[in-house]
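Reading the structure
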Amino acid sequence: ETAGMVRHIYREMAEAAAAAPRVAGDGEKDALPHCNLQVYTYTCDVGKRENVYSTAERVHKEVGEVSVLVNNAGVVSGHHLLECPDELIERTMMVNCHAHFWTTKAFLPKMLEMNHGHIVTVASSLGLFSTAGVEDYCASKFGAVGFHESLSHELKAAEKDGIKTTLVCPYLVDTGMFRGCRIRKEIEPFLPPLKPEYCVKQAMRAILTDQPMICTPRLMYMVTFMKSILPFEAVVCMYRFLGADKCMYPFIAQRKQATNNNEAKNGI
C-alpha cells in the first residue's frame, strides 16, 4: 500500500513538472529532471533475527545500501500482566525492542563505513513514562528508548558525526492500536488522540533537521520533566488528576470482549 502511494505521488509530481511552463526572468526555472524511481517492498518478521538478516541481505543485493533506517514496527498484547500469555509478552518484546538490535546490526556497518546515514527509532511516550495495565508494552518501549540513547552515545564516542539519530515519542495516535483508551473526560479536549498524518509530519521535520528527539505534542516534554523531578507519590497524584493512571483499562476491556466474542464465534 505504501509503495503504491509513493508511486502515485511521484507520478503526480512528474506530470505537474512536465506541464509547468518554463519561466524566464532573473533566472530560468526548469522542470524537475526525470529520474527512474523504483520502489521495493519486502515482507519480513522483524521479531526473528534470521528473517531480518536474510531480508537485509536481499535488500543489499537488489536495491543497494540503506542510508535511512526507520524502526517503526510495534504490537501490543492488551492484557493485564497476570492474564497475558507468556507468548504474547515475548512477541511484544521481540517486535518492539529486540528487532531494533537486528535491523541496526544489519544496516549500520555500511553507514559506519561511509560515515553517512540516519537511524530513526519510533518509540512512544510510554517509553518515557508508564501507566498501568500495559507492562509488556511499556517495558518494550523503555527498552527501545534505552537502546536508541546508548547507540547515539556510541556513535558520538566513535566520532561518526555523519550518522544521525532521531528518537520519536508520540502520545496516543489514532490508528486503532489503542482503541478505547480514555483519560479524564475534562482533560480529553486538551489532549485528544493525535492524527497519524500530524505525527508523520512532525517526525519528518525532525528527521530532515537532524533533531535528536521529538515528542508530540510538546506537553509530553513537561510530563517527562515532572516525572524526573517529583517524588513517585506526587507522580501518582498527577496521573490520577489526568486520568492517566487507568487510561488503558477501557482498551484492555474492549480487547478482552473482542477475544471472548471471537472464541464464542469459533466455538472455542
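Structural data are supplied above this passage.
Structure report, in brief. Keep in mind that this is a model prediction, so the values were computed, not measured.

The next point concerns the overall build of the protein. Of the regular secondary structure elements, the protein holds eight helices and six strands. The order of helices and strands in the protein, counted from the N terminus, is α-β-β-α-β-α-β-α-β-α-β-α-α-α. Taken along its principal axes, the extent of the C-alpha atoms in the protein is 65 × 50 × 45 Å. Counting only residues that meet the buried cut, the protein has 36% of its 268 residues in that class. By sequence separation, contacts in the protein at least 24 residues apart represent 67% of the contacts at least 6 residues apart. Placing the 29 positive and 30 negative side-chain charges of the protein at their respective mean positions leaves the two points 4 Å apart.

Counting across every chain of the model gives zero disulfides. For the unlinked cysteine Cys237, the closest cysteine sulfur is that of Cys247, found at 17 Å.

A word on the pattern of salt bridges. Under the defined criterion, the tally for this structure stands at six salt bridges. Salt-bridge contacts for Asp174 lead to Lys195; the nearest nitrogen and oxygen are separated by 3.6 Å. One end of the pair, Asp174, is in the loop between β5 (163–170) and α5 (196–208); the other, Lys195, is in the loop between β5 and α5, and 21 residues separate them in sequence. The class for Asp174 is partly exposed, based on a relative accessible area of 43%.

This paragraph deals with the pairing of strand β6 (residues 213–216). As paired elements, β5 and β6 share four bridges and run parallel to each other. What sits directly across from Val168, in β6, is Ile214. Read as a crossover between parallel neighbours, the route from β5 over α5 to β6 is left-handed.

Judged by nonpolar contacts, the single largest core of 32 residues is most densely connected at Phe178, Met248 and Phe251. Broken down by secondary-structure element, the contributors of at least two residues to this core are α4 (135–157), β5, α6 (219–229), α7 (232–242) and α8 (249–265). Other than its neighbours up to four places away in sequence, Met248 contacts Leu126, Thr131, Ala132, Val134, Phe178 and Cys181. If you look at the next biggest cluster of nonpolar residues, it comprises 12 residues, including Ala56, Val59, Leu151 and Ile163.

Now for the packing of aromatic side chains. On inspection of all chains with the given rule, the structure shows four aromatic pairs. Between the aromatic rings of Phe101 and Phe147, the centroid separation amounts to 4.5 Å while the plane-to-plane angle is 45°, which identifies the pairing as tilted. One end of the pair, Phe101, is in helix α3 (residues 86–114); the other, Phe147, is in helix α4, with 46 residues separating them in the sequence. On the basis of relative accessibility, which here comes to 35%, the residue Phe101 falls in the partly exposed class. You can call Phe147 buried: its relative accessible area is 13%. The ring of Trp102 carries the charged tip of Arg49 above its face, separated from the ring centre by 5.8 Å.

Now for empty space enclosed by the protein. Applying the stated criterion to the full structure yields one cavity of 30 Å³ or more. In this structure, the largest cavity encloses a volume near 40 Å³. Together, Val168, Cys169, Pro170, Cys199, Gln202, Ala203, Ile214, Cys215 and Thr216 line the largest cavity. Elements supplying a minimum of two residues to the lining of the largest cavity: β5, α5 and β6. Each residue belonging to the lining of the largest cavity can be placed in one class, and the counts come to seven nonpolar, two polar and no charged.

Bringing the sheet that holds β5 into the picture now. Reading across the sheet, the four strands line up as β3-β4-β5-β6 and stay open at both edges, with parallel pairing between neighbours. The sheet terminates laterally at β3 (68–71) and β6, the two strands that pair on one side only. Neighbour to neighbour, the strand axes of the sheet diverge by 15° on average, direction disregarded. Examined bridge by bridge, strand β4 (residues 117–122) and β5 share six bridges and lie parallel to one another. Considered in β5, the bridge of Thr121 is made with Leu167. Set on the sheet, α4 makes contact with β4 and β5; between it and β5 the angle comes to about 160°.

Cut-offs used in this document
Residues numbered from 1 in each chain as written. Predicted model: local features only at pLDDT ≥ 70, side-chain atom pairs only at ≥ 80, totals over all residues. Heavy atoms only, no water. Helix = DSSP H or I, 4+ residues; strand = E, 2+ residues; numbered from the N terminus. Buried < 20%, exposed > 50% of the residue type's maximum accessible area, 1.4 Å probe, protein only. Contact = heavy atoms within 4.5 Å. Lys, Arg positive; Asp, Glu negative; His and termini not counted. Charge placed at Lys NZ, Arg CZ, Asp CG, Glu CD. Disulfide = S-S within 2.5 Å. Salt bridge = Lys/Arg side-chain N within 4 Å of Asp/Glu carboxyl O. Pairing = 2+ DSSP bridges. Right-handed = clockwise from strand over helix to strand, strands pointing away. Core = buried A, V, L, I, M, F, W, Y, C linked by side-chain atoms within 4.5 Å. Phe/Tyr/Trp six-rings, centres within 6.5 Å; stacked < 30°, edge-to-face > 60°. Lys NZ or Arg CZ within 6 Å of the ring centre and 35° of its normal. 1 Å grid on protein atoms, 1.4 Å probe; cavity = no way out; pocket = protein on both sides within 12 Å on 5 of 7 lines; lining within 4 Å. Points joined across faces, edges and corners; volume = space filled by probe spheres on them. Nonpolar A, V, L, I, M, F, W, Y, C, P; charged D, E, K, R; others polar. Axes fitted to C-alpha atoms, helices over the stretch in contact; angles between N-to-C directions.

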